[in-house]
Amino acid sequence: MECVMGVVGRDFAVVAADTSAVQSILVHKTDEDKVMVLDSHKLMGASGEPGDRVQFTEYIQKNLHLYQFRNTIPLSTAATANFTRGELATALRKNPYMVNVILGGYDKDAGASLYYIDYISTLHKIDKGAFGYGSYFCLSLMDKLYHPDMTVEEAVDLIDKCIKEIRLRLVVAPQNFVIKIVDKNGAREYARRDLVGDNASVDAATTVTA
């Protein structure tokens, strides 16, 4: 029951994901970070088979580092999206990765951008998007509330509304989420929304039950 979502604002992108590691009917951990910081100005939120997700996101991250080491300049967000799409397309004909990706980044010349890449290597540049069962609730909220020049606070509030809806309406809903942001100052963790575990907040629990 994974959930990955992202939105682009005025000069930033936000990527959020649940932090549950689940197999069958068991929850193994609730602090699995599914939003990888690829480099100083890129984020990759991924969902799918745990082994494929970890291996593929690390593979992309290390290849970006290698490119920058060899050429002294980083790949742009668009180039990273196309490289990721190419690797998925190549693997599709050999040993497919069961991974869906929301890629967010910030470039000095192009600003913030967001890309949707699914496991059969479909690539689209988007303003808002989501993967997983949570997308059934998130996409309608995003269609209603999203606008292109959102502030950081408005974008995070939209993500919070999506998280609340997932917790309330999804029958086996993940309870903890991580929110990360990328802008001209770099990629970083913005907040966590925890209901279970050591970092669970009373305020978060109150919000959901209200």
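Residues numbered from 1 in each chain as written. Predicted model: local features only at pLDDT ≥ 70, side-chain atom pairs only at ≥ 80, totals over all residues. Heavy atoms only, no water.

Under an unreviewed UniProt entry, the chain has the name Proteasome subunit beta and belongs to Digitaria exilis.

Undergrad: Any chance you could explain the nonpolar core here in plain terms?
TA: Across soluble globular proteins, nonpolar side chains have a tendency to be buried as a group. If you look at the biggest cluster of nonpolar residues, it comprises 42 residues, and the most contacted ones within it are Met 5, Val 14 and Ile 166. Sorting the residues of this core by element identifies strand 1 (3-8), strand 2 (13-18), strand 7 (99-107), strand 8 (111-117), strand 10 (128-132), helix 3 (135-145), helix 4 (152-169) and strand 11 (177-183) as the ones contributing at least two each. If you tally residues by element for this core, the top one is helix 4, at 8 residues. In this view, Ile 166 contacts Cys 3, Met 5, Gly 134, Phe 137, Cys 138, Ala 173, Pro 174 and Phe 177; residues no more than four positions away in its chain are not counted. Formed by 17 residues, the second largest nonpolar core is a distinct cluster that contains Phe 56, Leu 64, Val 99 and Ile 117. (Core = buried A, V, L, I, M, F, W, Y, C linked by side-chain atoms within 4.5 Å. Buried < 20%, exposed > 50% of the residue type's maximum accessible area, 1.4 Å probe, protein only. Helix = DSSP H or I, 4+ residues; strand = E, 2+ residues; numbered from the N terminus. Contact = heavy atoms within 4.5 Å.)

Undergrad: In this structure, what is going on with the packing of helix 1 (residues 50-71) against helix 2 (residues 77-92)? I would like to understand it.
TA: Between two packed helices, the angle of one axis relative to the other and the distance separating the axes together describe the packing. Two elements in contact, helix 1 and helix 2, have axes whose closest approach is 11 Å; the angle formed by their N-to-C orientations is 130°. It follows that helix 1 is oblique to helix 2 by the angle criterion. Relative to helix 2, helix 1 is oriented so that their crossing is right-handed. Along its contact with helix 1, which presents Phe 56, Tyr 59, Ile 60, Asn 63 and Leu 64, the element helix 2 presents Thr 80, Phe 83, Thr 84, Glu 87 and Leu 88. Here the contact of helix 1 with helix 2 is built from residues that sort into 6 nonpolar, 3 polar and 1 charged. (Axes fitted to C-alpha atoms, helices over the stretch in contact; angles between N-to-C directions. Parallel < 35°, antiparallel > 145°, perpendicular 65-115°, else oblique. Left-handed = near helix turned anticlockwise from the far one by under 90°. Nonpolar A, V, L, I, M, F, W, Y, C, P; charged D, E, K, R; others polar.)

Undergrad: Which parts of the structure should I look at to understand the sheet that holds strand 2?
TA: Pairing between sheet strands relies on hydrogen bonds along the backbone, with the strands arranged either parallel or antiparallel. In spatial order, the strands read 10-1-2-11-12; together these 5 strands make up an open sheet with antiparallel pairing. At either margin of the open sheet sits one strand with a lone partner, and together these are strand 10 and strand 12 (186-193). With direction set aside, neighbouring strand axes in the sheet form an average angle of 15°. Examined bridge by bridge, strand 2 and strand 11 share 6 bridges and lie antiparallel to one another. Bridge pairing in strand 11 links Val 15 to Lys 180. Docked against the sheet, helix 3 engages strand 1 and strand 10, running at close to 170° with respect to strand 10. The sheet strands contacting helix 4 are strand 1, strand 2, strand 11 and strand 12, and the helix crosses strand 11 at an angle near 160°. (Pairing = 2+ DSSP bridges.)

Undergrad: I tried to follow the confidence of the model for the chain on my own but got confused; where do I start?
TA: Looking at the chain, the pLDDT average stands at 91 and 93% of residues meet or exceed 70. Scored below 50 in pLDDT, residues 204-210 shows 7 contacts in the model against residues more than four places distant or in partner chains. (pLDDT = per-residue confidence, 0-100.)

Undergrad: Can you help me understand the pattern of salt bridges in this one?
TA: As a working rule, side chains carrying opposite charge can pair if their charged atoms are close by. The final tally for this structure, using the stated rule, is 14 salt bridges. Of the charged contacts, one joins Glu 2 and Lys 34 as a salt bridge, the two residues approaching to 2.9 Å between their closest N and O atoms. You can see Glu 2 sitting in the segment before strand 1 and its partner Lys 34 sitting in the loop between strand 4 (26-29) and strand 5 (35-39), a full 32 residues away along the chain. Judged by relative accessible area, which is 3%, Lys 34 ranks as buried. Here the salt bridges share partners, and the residues they tie into one network are Glu 2, Asp 18, Lys 29, Asp 31, Glu 32, Lys 34 and Arg 53. (Salt bridge = Lys/Arg side-chain N within 4 Å of Asp/Glu carboxyl O.)

Undergrad: What should I look at first to understand the packing of aromatic side chains in this one?
TA: The geometry of an aromatic ring pair is captured by the separation of the ring centres together with the interplanar angle, meaning the angle of the planes. Taken as a whole, this structure holds 3 aromatic pairs when the rule is applied. Between the aromatic rings of Phe 56 and Tyr 97, the centroid separation amounts to 4.8 Å while the plane-to-plane angle is 50°, which identifies the pairing as tilted. You can see Phe 56 sitting in helix 1 and its partner Tyr 97 sitting in the loop between helix 2 and strand 7, a full 41 residues away along the chain. The residues Phe 56 and Tyr 97 share a single accessibility class, namely buried. (Phe/Tyr/Trp six-rings, centres within 6.5 Å; stacked < 30°, edge-to-face > 60°.)

Undergrad: Teacher, can you tell me more about the side chain of Asn 100 here?
TA: As for its placement among the helices and strands, Asn 100 is situated in strand 7. Residue class for Asn 100 comes out buried when judged on its relative accessible area of 18%. The residues contacting Asn 100, other than those within four sequence positions of it, are Gly 45, Ala 46, Ser 47, Ile 117, Asp 118, Tyr 119 and Phe 131.

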